[in-house]
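What follows is each chain in one-letter form.
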Amino acid sequence: MTAMTEPVVYVVDVCGTLVRDDTTLGLLHQHFASDNQRRARYVLFRALTARRSPLRLTFAFLEKLTGRHLLKHAVVRLLKGDKVVSLDRSAAEYSVLLLKERRVASVWQLLDTILPSESVVLASASLEPVVASLASAIGARHVASTLGQRDGVLTGCYAEDLTGHKEKAMVKKYGPALLDGQVFAISDNFSDRSLLEKASRAYVVVHRDSHRQRWAGLDATFLKVGE
């Protein structure tokens, strides 16, 4: 009689792991650029997020000083007054682009043999609409940061930011048994180190060879972006 193999849950980060983009910024770029009525906010968004923008450099300095993710809260404020369904529509359009053009090939090579599958959980601090859209497209489950809303209108604030709290969110949504068995964790985020250390098998996505030094002491398989 053949012994049954214990099922594996794959916990997969999104930004920089499943896809190459910062999907919070990518979603908002898609959203503001897709409608001329949002033109003024698009200009402000670009001023906040362009790589060498003085405003972005200022936020980068303040984030290092405070240890807080200030920029993403600032850009989310630009959503105030927009309808939830409108952002959901932008997320659906953006997720098509991500799956077509922005995949991290080495991660997808690990996942392609099991997708679609509920054994995959996308665990991301990115925004719920885009993570939910990606999860739906590949038949996976998900947890993500949520936005405040009233009567279908966005408040411009986070309802819940999952940065550093992914494990708690998965247990809350899917129950403690989810992480009790074999867990294969895949991420490029140092904030996920605790999850990777607890995993039965850890995969770390590195964007540069020098980034491996950050993970000293972690027993992991390293996946290079572009491989």
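Residues numbered from 1 in each chain as written. Predicted model: local features only at pLDDT ≥ 70, side-chain atom pairs only at ≥ 80, totals over all residues. Heavy atoms only, no water.

**A few points about the packing of aromatic side chains**
By the definition in use, this model includes three aromatic pairs. Between tyrosine 10 and phenylalanine 184, the aromatic rings sit 5.3 Å apart at their centres with planes inclined by 75 degrees, giving edge-to-face as the arrangement. Separated by 174 residues along the polypeptide, tyrosine 10 in strand E1 (residues 8-12) and phenylalanine 184 in strand E5 (residues 182-187) bring together distant segments of the chain. Pair check on accessibility: tyrosine 10 and phenylalanine 184 agree, each one buried. Between phenylalanine 32 and phenylalanine 45 the ring centres are 5.7 Å apart and the planes differ by 55 degrees, which places this aromatic pair in the tilted class. You can see phenylalanine 32 sitting in helix H1 (residues 23-33) and its partner phenylalanine 45 sitting in helix H2 (residues 39-49), a full 13 residues away along the chain. One exposure class covers both phenylalanine 32 and phenylalanine 45, and it is buried. Of note, arginine 103 hangs over the ring of tryptophan 108, and the distance from its end group to the ring centre comes to 3.9 Å. The cationic tip of arginine 141 hangs over the ring face of tyrosine 174; the distance from NZ or CZ to the ring centre is 4.9 Å. (Phe/Tyr/Trp six-rings, centres within 6.5 Å; stacked < 30°, edge-to-face > 60°. Helix = DSSP H or I, 4+ residues; strand = E, 2+ residues; numbered from the N terminus. Buried < 20%, exposed > 50% of the residue type's maximum accessible area, 1.4 Å probe, protein only. Lys NZ or Arg CZ within 6 Å of the ring centre and 35° of its normal.)

**Looking at the sheet that holds strand E7 (residues 221-224)**
Judged by pairing direction, the sheet is mixed, and its seven strands sit side by side in the order E4-E3-E2-E1-E5-E6-E7 without closing on themselves. Because the sheet does not close on itself, it has two edges, and the strands there are strand E4 (153-160) and E7. Each neighbouring strand pair of the sheet contributes to a mean axis angle of 25 degrees, computed without reference to strand direction. Sheet topology note: the strand E3 (residues 141-150)/E4 ladder contains four bridges and is antiparallel. Along E4, the bridge assignment pairs leucine 147 with tyrosine 158. Taken strand by strand, H1 contacts strand E2 (120-127) and E4, and its axis lies near 65 degrees from that of E2. Contacting E2 and E3, helix H7 (residues 128-138) crosses the sheet at an angle of about 160 degrees to E2. (Pairing = 2+ DSSP bridges. Axes fitted to C-alpha atoms, helices over the stretch in contact; angles between N-to-C directions. Contact = heavy atoms within 4.5 Å.)

**Looking at unusual backbone geometry**
Note the cis peptide between leucine 115 and proline 116, where omega equals -5 degrees. You can see proline 116 is positioned in the loop between helix H6 (105-111) and E2.

**With respect to the nonpolar core**
One finds Val12, Val107, Leu111 and Leu122 to be the most contacted residues of the largest nonpolar core, which totals 50 residues. Residue contributions to this core peak at six residues, all from helix H5 (residues 84-101). Leucine 111 has contacts with Tyr10, Val12, Leu18, Val120 and Ile186, leaving out every residue within four places of it along the chain. Counting 21 residues, the second largest nonpolar core, distinct from the first, contains Val143, Met170, Ala202 and Ala220. (Core = buried A, V, L, I, M, F, W, Y, C linked by side-chain atoms within 4.5 Å.)

**Quick notes on H7**
Pro129, Val130, Val131, Ser133, Leu134, Ala135 and Ile138 are the residues of H7 that are buried. Tucked into the core, H7 has its buried residues touching H1, H5, H6, E2 and E3. Immediately downstream of H7, the backbone of glycine 139 shows phi near 70 degrees, a positive value.

**Looking at the environment of glutamate 160**
Residue placement: glutamate 160 occurs in strand E4. A relative accessible area of 36% places glutamate 160 in the partly exposed class. For the pair glutamate 160 and valine 11, spaced 149 residues apart in sequence, the C-alpha separation works out to 20 Å. When sequence neighbours within four positions are dropped, the list of residues in contact with glutamate 160 reads Ser145 and Thr146.

**Focus on helix H8 (residues 166-174)**
Of the residues making up H8, those classed as buried are Lys166, Ala169 and Met170. What you see down the axis of H8 is that its buried residues fit within an arc of 100 degrees, all on one side. In H8, those exposed residues whose orientation departs by more than 90 degrees from the buried face are Lys168 and Lys172. Packing partners of the buried residues in H8 comprise E1, E2, E3 and helix H9 (193-198). Of the residues trailing H8, glycine 175 is marked for its positive phi of about 95 degrees. (Arc of directions from axis to C-beta.)

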